[in-house]
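In case you want the letters, here they are:
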Amino acid sequence: MQFKMNNNSADGNKSEYFSDDEKPAFYDFVHGLYIYVIPMIVVIGMICNVLSFKVFVFTSFSRHPSSIFLALLSVSDTFFLLALIFTWMGTLKKARIDTGGLCLVTIYITYVTSFLSVWCVVLIMLDRFIIICFPLRRPRVCSNKMAKCTGIAITVFSILIYSHCFLTIEVVPVIGCRVKKEYFRFLAMVTYIDTAITFIIPFIAIFVLNIYVIVIIRKFNFKHAKPRVVKYYSPTYNVLSVAQMRLTVMLTIVSIVFLVLNLPSHAIRFYIIVNDLIANNDMALFLAQQFCQILYYVNFSINFTIYFVSSNTFRRCIKERVRCMRYQ
């Protein structure tokens, strides 16, 4: 059984099993990334996620149902980064201390927030898909109330499904957290289930929804770029607004970046699980996993940059004064 973060450090115990001659040439590069880049990712990411949350909840942007999923994504990403910095501190040789049950809490938070992050992206793209492909159903299906209920549902589900951590993992003084021997088989099954619900199913859903959305965006742009050439009437494209399509473009970019940054980490993790290489002492494979893992961490801090670069509305809302839009 492999924890999502806690056994994945480039400076972790695993490197101690190899002599300097056995370490690949790019060990120092990956090691440097882990030591210096992760704190930057955490600090910048947490600041940016707080700013994003402010925009999605306390400005005019909150009128969009998608803002609820985006706000939830900002919160889950922030908690993931908080757990990441504690894990990073615990793996530094000079800073290793007995953290008690903190390692167990960070493992649990990592599981929950990883699940919420990927499914928020799925729900965001599903919301966009319904709005641009079935715009007449938008008022009934894509409402703020429906988005709130869905967000609460996936949050409660993730909290419950990963509560097994408190039963299957024990805290050992000085060493930290480890799996209880009697739960090895159970956690092996949980690992396959977790891979399915946080990698296989959502990645297929995001990919398919992206294809549909991109096709609709291209048709919409063609219609507005050459209005005299188009000689057919389509209710779908006529009820869509330019503002809706711009928001859709921004969220599509977010989902594409999400796939690019997450796919390498999940793919190599899936490869290790399928080939039963968890206990393998292949240093090159280990370092490749760490490099992909750092790309995975970047995903939790980069969304603000995507919002800012790709959306005029988001840039305008940043300047707005904090206010509770839903009660005005």
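Fair warning: this is a prediction, and the values are worked out from it, not measured in the lab.

**Thoughts on the packing of helix α1 (residues 27-58) against helix α10 (residues 283-298)**
At step 1: Relative orientation of the contacting elements α1 and α10 amounts to 20°, with a least axis distance of 10 Å. When the axes of α1 and α10 are compared, the pair comes out roughly parallel. Judged by the sense of rotation from one axis to the other, the crossing of α1 with α10 is left-handed. Touching Tyr 27, Phe 29, Val 30, Leu 33, Tyr 34, Val 37, Ile 38 and Ile 41 of α1 are Met 283, Leu 287, Gln 290, Phe 291, Ile 294, Tyr 297 and Val 298, all from α10.
At step 2: Considering only residue class, the contact of α1 with α10 consists of 14 nonpolar, 1 polar and no charged.

**Focus on the pattern of salt bridges**
At step 1: The final tally for this structure, using the stated rule, is 3 salt bridges.
At step 2: For the salt bridge of Glu 170 with Arg 178, the shortest nitrogen-to-oxygen distance reads 3.0 Å.
At step 3: Taking relative accessible area as the criterion, Glu 170 reaches 27% and is therefore assigned partly exposed.
At step 4: Here Asp 194 and Arg 269 are joined by a salt bridge, their closest N and O atoms 2.9 Å apart. One end of the pair, Asp 194, is in helix α7 (residues 184-225); the other, Arg 269, is in helix α9 (residues 242-274), and 75 residues separate them in sequence.

**Considerations on the confidence of the model for the chain**
At step 1: The share of residues in the chain with pLDDT of 70 or more is 80%, and the mean pLDDT across the chain is 81.
At step 2: In this model, residues 5-13 is a region of pLDDT below 50 whose contacts with residues beyond four sequence positions or in other chains number 38 contacts.
At step 3: Overall, residues 227-239 carries pLDDT values under 50, and its contacts beyond four positions in sequence, including any with other chains, amount to 16 contacts.

About the cut-offs
Residues numbered from 1 in each chain as written. Predicted model: local features only at pLDDT ≥ 70, side-chain atom pairs only at ≥ 80, totals over all residues. Heavy atoms only, no water. Axes fitted to C-alpha atoms, helices over the stretch in contact; angles between N-to-C directions. Helix = DSSP H or I, 4+ residues; strand = E, 2+ residues; numbered from the N terminus. Parallel < 35°, antiparallel > 145°, perpendicular 65-115°, else oblique. Left-handed = near helix turned anticlockwise from the far one by under 90°. Contact = heavy atoms within 4.5 Å. Nonpolar A, V, L, I, M, F, W, Y, C, P; charged D, E, K, R; others polar. Salt bridge = Lys/Arg side-chain N within 4 Å of Asp/Glu carboxyl O. Buried < 20%, exposed > 50% of the residue type's maximum accessible area, 1.4 Å probe, protein only. pLDDT = per-residue confidence, 0-100.

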